[in-house]
Structures are given as structure tokens and as C-alpha cells.
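An overview of the molecular structure
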Amino acid sequence: MLGDVPAGDLGRVDYHEHFFQRSPLLPGEDLDDEELSGREAVLLRRSGFEAVVDATPLGLGRDAPGVARISRASGLAVVLTTGAHRSAHYPPGHPVPAAPSAVLARRFTTDLVEGAAEDLHGGAQGAGEPAGAVRAGVLKVGIDYWRIDGFAHRVVEAVAAAHERTGAPVVVHLEHGSAAHEVLDLLGAAGVAPARVALAHVDRNPDPGLHVSLAERGAYLGYDGAARHRTHPDSVLLDCLSRVVEAGAGARVLLGGDVARRSRYVAYGGMPGLAYLGERFVPRLQLAVGAAAVDAVLRDNPARWLTWVR
Ligand SMILES: [Zn+2]
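Residues numbered from 1 in each chain as written. Predicted model: local features only at pLDDT ≥ 70, side-chain atom pairs only at ≥ 80, totals over all residues. Heavy atoms only, no water.

1. Examining the coordination of the zinc ion
Taken together, H16 (NE2), H18 (NE2) and D258 (OD) make up the full set of protein donors to the zinc ion, lying 2.1 to 2.2 Å away. Positions of the donor residues of the zinc ion along the chain correspond to the pattern H-x1-H-x239-D. Residue H16 is found in strand β1 (residues 13-17), and its partner D258 is found in the loop between β8 (253-255) and α9 (275-289); the two are separated by 242 residues along the sequence. With respect to class, H16 is no different from D258; both count as buried. (Donors = N, O, S within 2.8 Å, 3.2 Å for Na, K, Ca; no water. Helix = DSSP H or I, 4+ residues; strand = E, 2+ residues; numbered from the N terminus. Buried < 20%, exposed > 50% of the residue type's maximum accessible area, 1.4 Å probe, protein only.)

Printed below as a string of C-alpha cells:
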């Protein structure tokens, strides 16, 4: 599905994956093969999702035309992301962390309004698709573990400016789920209401009381840590999510896989793949909270979050 799609028509949304990504923090884990990422997209589609947010921001090998071709071939609607990750994801000398906030704001706004031009130092750009034809739909901010550095402050400023101009929603990368209230404070002071913000990786700190307090401010809770039992088994996530739903915050939960490494993509020869979420986690979530709550998490909540509100 290509072009502008009303968020209410997206269907079931995986709010966080990556079809293309390159980072010095993930050596050997590049997602850079359009054909293989396209095959993984088909597996995600067959596992019960109609739409997905590609959460790779500027300068990490994002490939807007490649994503558009994957969308067309797989039948998945893909929402592209602009904005930036935390500074550690950029190699030394990369232009993104060095850019002043006004430059970042212009670039983010252009990606949203006119189309995502070639990735800055992002390497191979797919051919054949005019870059301007593919517009981003989400703004990203990345912060470190309990640390918001100078670059993150500039990105917050730039994201807030692009948000004010467009009403596009915001996703925040929280390192291990830390500093969630603090980044909401910072975004709020810059003019981005918590109700427009999705907090990615809150479930890396599976604390239902904390999650409810974030949802009470209006923020969306990004659960995207399934299949990582070296830190928490899925049962911990399911229990935490169930308690959040019981506390009345089910309307703020988003679900994604954030698999993000080639060694974890079936099409690249790894496991468990993007289909794990739909095939293994969602059925258990349905048993835990019921079909209606899962439908809200997969359809209504992402549709509300992804709608541009001026
Ligand atoms: Zn991610």
C-alpha cells in the first residue's frame, strides 16, 4: 500500500520494526538486502499484520524507495520514520549528530511534507523510485540510559518544530526503558503533548505501576521486547501488559517486534523472525487479556497515535 493512508484504514499495526538498518553498535547485523527484507515483510504480513512502522530514522541506512518497493510487493502498508537515534548509533564524523537543531528541523519537516530524500551517509539508495514520492509519517527521538545529551536536546527541539508544523506523531527510543517521564517533560516543554508520543521499549523495564503512570499522562506504551528471555521471558511482558490493561490503560498500549538484527530474521537465515510476534506472542496475549483488548492494541491505538493532529 503506497501513498497517504488514513490511519483508521491501516488494520493491525506492528508499531516497530526495521527493514533497513546499519549501526556501529550492531556490527555484522546490518539489514541491507532489499530482497531478503522484502521476504521477511511477507512473513510478517502472513502472521496477521496489515501495517508496520519502519522505525529506522535518518542516517542509519534508511532506504525510503526500498521500503516503498517492499510495501508494494508484500501488501503491507509501511509507515516511514524520520528524526534521529541516540548519538551512539552514528559513527564518528557522521553529519547527523553534528547538525544544529534548525538544520535537523528542516530536514525532518522535508521528510514528512515533501518526501524522504536520500539517507545522509546512508549508503546505497535503491534505484528506480523517486525519493520524493515517499514521505515519512513518524518523528523519532533517541535517548541514552538515564542520559539526555546535547545531541538529544537538539533532536527534541527539531522534532518539536517538525511536529508543530505537521502534527506528525513522535516515537522515543528509551534505553532499557529509562528516563520516560523525563523525556515526556522535555518534549512537553517543547510543545509535544504526551498523547502524541509513543515510548518505545518501556517493557525493557516491565514495571506496571510505572507504565500506568506514563499512560495516565497520555503517552503510548511501546511493548516490543518479546523473544528476549535472556533479559525477560515473554511471561513477564504478558503479566505486565495484563496489569496495565486491568488498570484501565489498555488504550495506550502499542505492540511491535523490533527484531532489528539480521541474525534474528528468518529471511537472512536466522530466527525467530518478524512473524514471532503474531504467531507466538499475540495468541498468548489474547488468552491473557481477551480479543477485544488485543484488537485495541493492534488496531485502534496505533490508528489514534499515527493520525497527524494539527
Ligand atoms: Zn527499533
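2. A closer look at the side chain of H201
Looking at where H201 falls in the secondary structure, it is placed in the loop between β6 (197-200) and α7 (208-216). Assessed through its relative accessible area of 3%, H201 is described here as buried. There is a polar contact of 2.9 Å between the side chain of H201 and the side chain of D224. Excluding its chain neighbours within four sequence positions, the residues that come into contact with H201 are Y15, H16, H173, L174, H176, G177, G222, D224 and D258. (Polar contact = N/O pair within 3.5 Å; in protein donor to acceptor, adjacent residues only side chain to side chain. Contact = heavy atoms within 4.5 Å.)

3. Section: the pairing of β1
Burial analysis of β1 places five of its five residues in the buried class, which makes it a mostly covered element. Summarising the sheet, β1 and strand β2 (residues 51-54) pair through three bridges and their orientation is parallel. Pairing of D14 across the sheet is with V52, part of β2. A crossover connection joins β1 to the parallel β2 through helix α1 (residues 34-46); in handedness this β-α-β unit is right-handed. (Pairing = 2+ DSSP bridges. Right-handed = clockwise from strand over helix to strand, strands pointing away.)

4. Thoughts on helix α5 (residues 150-166)
Here α5 contains 17 residues, and its C-alpha end-to-end distance of 24 Å stays within 8% of the 24 Å for a straight helix at 1.5 Å per residue. If you check which residues of α5 are buried, you get F151, A152, V155, V156, A158, V159, A160, A162, H163 and T166. Residues of α5 that are buried in the fold lie against α3 (95-98), α4 (101-113), β4 (136-142), β5 (170-173) and α6 (180-189). Its side-chain oxygen placed 3.2 Å from the backbone nitrogen of F151, D149 serves as the N-cap of α5. Phi for G167, located one or two positions after α5, is positive at around 80°. (Expected span 1.5 Å × (residues − 1).)

5. Description of the packing of aromatic side chains
Applying the stated criterion across every chain yields a total of three aromatic pairs. Centre to centre, the rings of Y15 and W305 are 6.1 Å apart; their planes meet at 70°, and the pair counts as edge-to-face. A residue pair is termed long-range when its members are at least 10 positions apart, and Y15 in strand β1 and W305 in helix α10 (residues 291-306) qualify at 290 residues. Neither Y15 nor W305 differs from the other in exposure class; each is buried. Plain terms: the ring middles of Y265 and Y268 are 5.8 Å apart, the flat faces sit at 85° to each other, and that makes the pair edge-to-face. Of the residues examined, Y265 reaches a relative accessible area of 0% and is grouped as buried. Assessed through its relative accessible area of 14%, Y268 is described here as buried. Positioned over the ring face of Y220 is R252, at 4.1 Å from the centre of the ring. (Phe/Tyr/Trp six-rings, centres within 6.5 Å; stacked < 30°, edge-to-face > 60°. Lys NZ or Arg CZ within 6 Å of the ring centre and 35° of its normal.)

6. Quick look at unusual backbone geometry
The omega angle of the peptide bond from M271 to P272 is 5°, so this bond is cis rather than trans. One can find P272 in the loop between β8 and α9.

7. Some thoughts on the nonpolar core
Core analysis: the biggest nonpolar cluster contains 80 residues, and F19, F108, V170, V172, L199, Y223 and L255 have the highest contact counts within it. Here the element with the most residues in this core is α5; it accounts for eight residues. In this structure, F108 is in contact with L58, T82, G83, A84, L139, V155, A158, V159 and A162, ignoring residues within four places of it in sequence. Within the second largest apolar cluster, 17 residues are counted, among which are V13, V53, V79 and L306. (Core = buried A, V, L, I, M, F, W, Y, C linked by side-chain atoms within 4.5 Å.)

8. Some points on the environment of G3
Considering the arrangement of structural elements, one finds G3 in the segment before β1. When its relative accessible area of 58% is taken as the criterion, G3 is described as exposed. Expressed as a C-alpha distance, the spacing of G3 and V134, which sit 131 residues apart in the sequence, is 7.1 Å.

9. Considering the sheet that holds β8
Pairing within the open sheet is parallel, and its eight strands lie in the order β1-β2-β3-β4-β5-β6-β7-β8. Since the sheet does not close on itself, it has two edges, and those belong to β1 and β8, each with one partner. On average, each strand axis in the sheet is tilted by 30° relative to the strand beside it, whichever way the strands run. When β6 meets strand β7 (residues 220-223), the two strands line up parallel, connected through three bridges. Counted as the bridge partner of L199 is L221 from β7. Contacting β2 and β3 (77-83), helix α2 (residues 64-74) runs over the sheet at an angle of about 165° to β3. The strands that helix α8 (residues 234-246) touches are β7 and β8; relative to β7, the one it contacts most, it runs at about 160°. (Axes fitted to C-alpha atoms, helices over the stretch in contact; angles between N-to-C directions.)

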